[in-house]
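This is what each chain is made of:
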Amino acid sequence: YLVIEGTHILHDAKIRDLLDLKIFIHTDEEIRFKRRLERDVKERGRSVESVHQQYNAIVKPGHYKWTEPTKEFADLVLYCNDAPNISQELRLNQNIDLILDALKKRAE
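If you're wondering where the values come from, they're calculated on a predicted model, not measured in any experiment. (Residues numbered from 1 in each chain as written. Predicted model: local features only at pLDDT ≥ 70, side-chain atom pairs only at ≥ 80, totals over all residues. Heavy atoms only, no water.)

1. Some details on the overall build of the protein
Check the secondary structure of the protein and you find four helices and two strands. Counted from the first residue to the last, the protein has its helices and strands arranged as α-β-α-α-β-α. Structurally, the protein occupies a C-alpha span of about 50 × 35 × 20 Å along its principal axes. Buried residues in the protein amount to 25% of all 108 residues. Contacts in the protein between residues at least 24 apart in sequence constitute 58% of all its contacts with a sequence separation of at least 6. Taken as a whole, the protein presents about 8,200 Å² of accessible surface, with 54% of it coming from carbon and sulfur. The average position of the 18 basic charges and that of the 19 acidic charges among the side chains of the protein differ by 3 Å. (Helix = DSSP H or I, 4+ residues; strand = E, 2+ residues; numbered from the N terminus. Buried < 20%, exposed > 50% of the residue type's maximum accessible area, 1.4 Å probe, protein only. Contact = heavy atoms within 4.5 Å. Areas by Shrake-Rupley, 256 points an atom, 1.4 Å probe, with all protein chains shown as cover. Lys, Arg positive; Asp, Glu negative; His and termini not counted. Charge placed at Lys NZ, Arg CZ, Asp CG, Glu CD.)

2. A short note on the pattern of salt bridges
Pairs can form between side chains of opposite charge once their charged atoms are near each other. Within the structure shown, the criterion is met by nine salt bridges. Between Asp75 and Lys22 there is a salt bridge whose closest N-O contact spans 3.4 Å. Here Asp75, found in the loop between α3 (48–67) and β2 (76–79), pairs with Lys22, found in the loop between α1 (13–18) and β1 (23–26); they are 53 residues apart in sequence, far enough to count as distant. Assessed through its relative accessible area of 35%, Asp75 is described here as partly exposed. Relative accessible area serves as the criterion here: at 12%, Lys22 is assigned to the buried category. With its nearest N and O atoms 3.8 Å apart, the salt bridge here joins Arg36 to Asp40. Here the residue Arg36 and the residue Asp40 both occupy positions in helix α2 (residues 29–44), the gap between them amounting to four residues, near one helical turn. (Salt bridge = Lys/Arg side-chain N within 4 Å of Asp/Glu carboxyl O.)

3. A short note on a nonpolar patch on the surface
Side chains of Leu92, Ile96 and Leu100 sit close together on the surface and give an oily, nonpolar patch of about 250 Å² of accessible area. Along the polypeptide, Leu92 turns up in helix α4 (residues 88–107). (Patch = residues over 30% accessible without salt bridge, like charges linked within 9 Å, V, L, I, M, F, W, Y side chains within 5 Å.)

4. Here's the deal with the layout of surface pockets
In this structure, the largest pocket encloses a volume near 1,300 Å³. Contributing to the lining of the largest pocket are 35 residues, with Glu5, Gly6, Thr7, Ile23 and Ile25 lying nearest its centre. Where the lining of the largest pocket is concerned, the elements lending two or more residues are β1, α2, α3 and α4. A total of six residues in the lining of the largest pocket trace back to one element, the largest contributor, which is α3. When grouped by side-chain class, the residues that make up the lining of the largest pocket number 19 nonpolar, eight polar and eight charged. (1 Å grid on protein atoms, 1.4 Å probe; cavity = no way out; pocket = protein on both sides within 12 Å on 5 of 7 lines; lining within 4 Å. Points joined across faces, edges and corners; volume = space filled by probe spheres on them. Nonpolar A, V, L, I, M, F, W, Y, C, P; charged D, E, K, R; others polar.)

If you want it as structure tokens, here you go:
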């Protein structure tokens, strides 16, 4: 298997046509922001305010304009949201099972 990933990978029809299985990973907006805030402050030395400003002015509108619409081209949508009653390991295993099932169906 060859895995190709990227925020905009499903945007280009030429690329989509080359892919056997297209997966869109959906995460709630609150979680996307929380992860970005943590990363940008910790790893990039940015202020909380600058992350908020960039997210609201560029990242959030860009997501809804460019990324979210490509979900319709996916063969499989995985919902990766923080659920207090499900461990990350269990969620990962469930998603792996969904992917493997989808690959098996493609091979039939």
